[in-house]
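Chain and residue survey
Chain residues, written in single-letter form:
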Amino acid sequence: MNDLPDKLQRKLDDRNASNALRKLGTQNGLVDFSSNDYLGFSKSEALFEATHHYLTENHFTQNGATGSRLLSGNHPLYAVLETMLSKFHDSEDALVFNSGYDANLGFFSCVPQRGDLIFYDEYSHASIRDGITMSNAKSYKFKHNDLDALKALVLRHSEFPSKSKQTTYIVTESIFSMDGDTPDLKAFADFCTRNNCHLIVDEAHAIGVFGEKGNGLVQELKMEQQPFARIATFGKAMGCHGAAILGSSSLKQYLINFSRSFIYTTALSPHALATIKSSYSELLKTSKIEKLHQNISFFKTEIERLQLERLFISSNSSIHCCVVSGNETIKEIAKKLKINGFDVKPILSPTVPKGQERLRFCLHSYNSEKEISEVLTLLSTFV
Ligand SMILES: Cc1ncc(COP(=O)(O)O)c(C=O)c1O
C-alpha cells in the first residue's frame, strides 16, 4: 500500500504536536456525560420492540432501501413519516434527509443563489458552514448570538434600495452544539420579518428537549410560522438517525429537485424510518423530558453550590460547558474524570477557538443526582 503523501503526514504530525489528534474511541461503561442520547431513547428496548412490531405487522420486511428516493428507494414509510413530522412540528411540509449533516449541506449548497446574502452565527455547526462554502451566495459570519452585530452587518452589506432579486438568509441554531446556549430567537425572527430576511434555525439539540412534547424551541416560543426553514435531527434526543427540513411544500419540491445530498444517495432503510416514527410516538408518552429538565436544574444548582459558575457558559439546555484554556489541560482533567468513572468529553481547539477549550457535559434523563454531584465535586478539585 502507498505511504501517505508527505504533505498529509505533516498535517497529522502538526495535529499531534498541538495535542489535538483525533482518535476513535471505544464504547465504555462509564457514567454517560458525553452522548447526545438526552432521553435514553437509543437504548430503549421498548422502542426497539415497538419498531420491530410495526415493521412486521405491516409486512415491511425489507432490509435496505435499494436506491435513492428519486429512483427505487422511496419506501411508503417516507410519506407516513413526513406527514407525521409536519403535523408534529406544525410545518406545511417536511423532507427527510439521511442525516443532519446531509440536510444542512443539501440546503445551504442549493438554496442561496449567486447574488444572495447569507449571514450566519460564527459558531454555526460545521455542516452549515460546509454547505455555505458550496453555495454561490456571498456569506458573512456575525458575532455569536449578537443581534446588534448581525443588524450592523446586514446594513453594511445589503443593497439599498434592496434589489428585488437579492434574497437574504440568516442562520442560527436554537441550541448551539459546543456552547449549549441559545440566541434571542424571537428577536432574530422579528428582525427577519421586519427586513424581509429568510430565517433558518437548526434545532438539532432542541428537538426532544424543548417544547411541550419535545417539539423544539421554535415551537416552545410559538414562532413556528416565522422561519423559512427549520432543521430537525434524529440522532440526538430522538436516539436514532436522520433529519428533516421543515418548511413549505414549495421548498420541499425545490430541495427534491436541486439538493444534491438528497438526490445522490441511497435512501434510509425502512427500519431506520420506522425507528424515527417510534421515537416520535414515544415523545408523546414519555415523562423523560421532565426528568431531563430536573437534572438540568439540579446541575445548575450544584455548579452554584460549588462556585463553578464563573467557568461555565450559561445554559438551560442539556449541554453545559466548562471552559478551561489549553488542549493539554482539559485532556488531563477529562482523563482524571474518566479514571473516576465519568465520561466527559474534552473539546479541543481547532473544534473550538484556541483558548476556549472546554469540558462538555451532556445531561440526560437517566443521570442520577448522585452522579451529577459527584462529577462536579470532583471537577471542583481539578479547576
Ligand atoms: C447543530 C447541529 N446541526 C447538525 C448536526 C448534524 O447532525 P447529524 O449528526 O444528524 O449529521 C449536528 C451534529 O452534531 C449539530 O450539532
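Please refer to the structure higher up on the page.
What comes next is a walk through the structure. For every chain, the first residue of its written sequence is number 1, and the numbers climb from 1 along that sequence. At least 70 in pLDDT is required for a residue's local features to be given in this predicted model, at least 80 for side-chain atom pairs to be given and counted, and no such filter applies to totals for whole chains, interfaces and linings, which use all residues.

**So, the site of the ligand**
Neighbouring residues of the ligand: 14 residues in total, closest Ser-99, Gly-100, Tyr-101, Ser-177 and Ala-204. The secondary structure listing takes helices from DSSP runs of H or I that are at least 4 residues long and strands from runs of E that are at least 2 residues long, numbered from the N terminus. Sorting elements by how many residues they give to the shell around the ligand places helix H4 (residues 100-110) first, with three residues. Taken together, the residues of the shell around the ligand break down into three nonpolar, nine polar and two charged. In this analysis a residue is considered near a molecule or strand if the C-beta atom, reconstructed from its backbone, is found within 6 Å of that molecule or strand. The classification used treats Ala, Val, Leu, Ile, Met, Phe, Trp, Tyr, Cys and Pro as nonpolar, Asp, Glu, Lys and Arg as charged, and all other residues, Gly among them, as polar.

**Remarks on the sheet that holds strand S8 (residues 243-247)**
DSSP-based pairing: two strands are paired if at least 2 bridges between them are found. With mixed pairing, seven strands are arranged side by side in an open sheet as S2-S8-S7-S6-S5-S3-S4. Whereas interior strands pair on both sides, the edge strands pair on one side only; in this sheet they are strand S2 (93-97) and strand S4 (138-142). For this sheet, the mean angle separating the axes of adjacent strands, direction not counted, is 20°. Of the pairings in the sheet, the one linking strand S3 (residues 117-121) to strand S5 (residues 168-173) comprises four bridges and is parallel in character. Bridge assignment links Tyr-120 to a residue of S5, and that residue is Val-171. Comment: axis = line fitted to C-alpha atoms, over the contacting stretch for helices; angle = value between 0 and 180 degrees taken between N-to-C directions.

**Focus on unusual backbone geometry**
Of note, the bond from Ser-349 into Pro-350 is cis; its omega dihedral lies within 30 degrees of zero at 15°. Examined against the element boundaries, Pro-350 turns out to sit in the loop between strand S11 (345-347) and strand S12 (358-362). One non-glycine residue, Asn-19, lies in positive phi territory at about 65°. Note that Asn-19 resides in the loop between helix H1 (6-17) and strand S1 (31-32). For Asp-90, which is not a glycine, the phi torsion comes out positive at approximately 50°. Its 14 C-beta neighbours within 10 Å are what place Asp-90 among the partly exposed residues. The burial label depends on the number of other C-beta atoms within 10 Å of a residue's C-beta. Counts of 20 or more mean buried, 12 or fewer mean exposed, and intermediate counts mean partly exposed, with C-beta atoms placed from the backbone.

**Considerations on helix H2 (residues 45-57)**
The terminal C-alpha atoms of H2, which comprises 13 residues, lie 18 Å apart, in line with the 18 Å expected from a rise of 1.5 Å per residue. For H2, the complete set of buried residues consists of Leu-47, Thr-51 and Leu-55. All buried residues of H2 fall inside an arc of 70° around its axis, so they share one side. Residues of H2 that are exposed and point more than 90 degrees away from the buried face comprise Glu-45, Ala-46, Glu-49, His-53, Thr-56 and Glu-57. With C-beta atoms placed from the backbone, a contact is any residue pair whose C-beta atoms sit within 7 Å. Where H2 is buried, its residues contact helix H11 (270-285). Under the convention used throughout, the expected extent of a helix is 1.5 Å for every residue step, that is, one less than its residue count. Note that the arc is defined by the directions from the helix axis to the C-beta atoms.

**Details of the pairing of strand S7 (residues 229-233)**
The buried count for S7 comes to five of five residues, which makes it a mostly enclosed element. Side-chain alternation along S7 places Ala-229, Ile-231 and Thr-233 on one buried face and Arg-230 and Ala-232 on a second face that is also buried. Pairing analysis gives three bridges linking strand S6 (residues 198-202) to S7, with the strands arranged parallel. What sits directly across from Ile-200, in S7, is Ala-229. Two strands pair when backbone bridges link them, and S7 and S8 are joined in this way by four bridges, in the antiparallel orientation. Of the residues in S8, the one forming a bridge with Thr-233 is Ala-243.

**Considerations on the sheet that holds S12**
Across the sheet, three strands lie side by side as S9-S12-S11; this open sheet has antiparallel pairing. Looking along the sheet, the strands with just one partner apiece sit at the ends: strand S9 (319-323) and S11. Averaged over all pairs of adjacent strands, the angle between strand axes in this sheet comes to 35°, irrespective of strand direction. As defined by bridge partners, S11 adjoins S12 across three bridges and the pair is classed as antiparallel. Paired with Ile-347 across the bridge in S12 is Arg-358.

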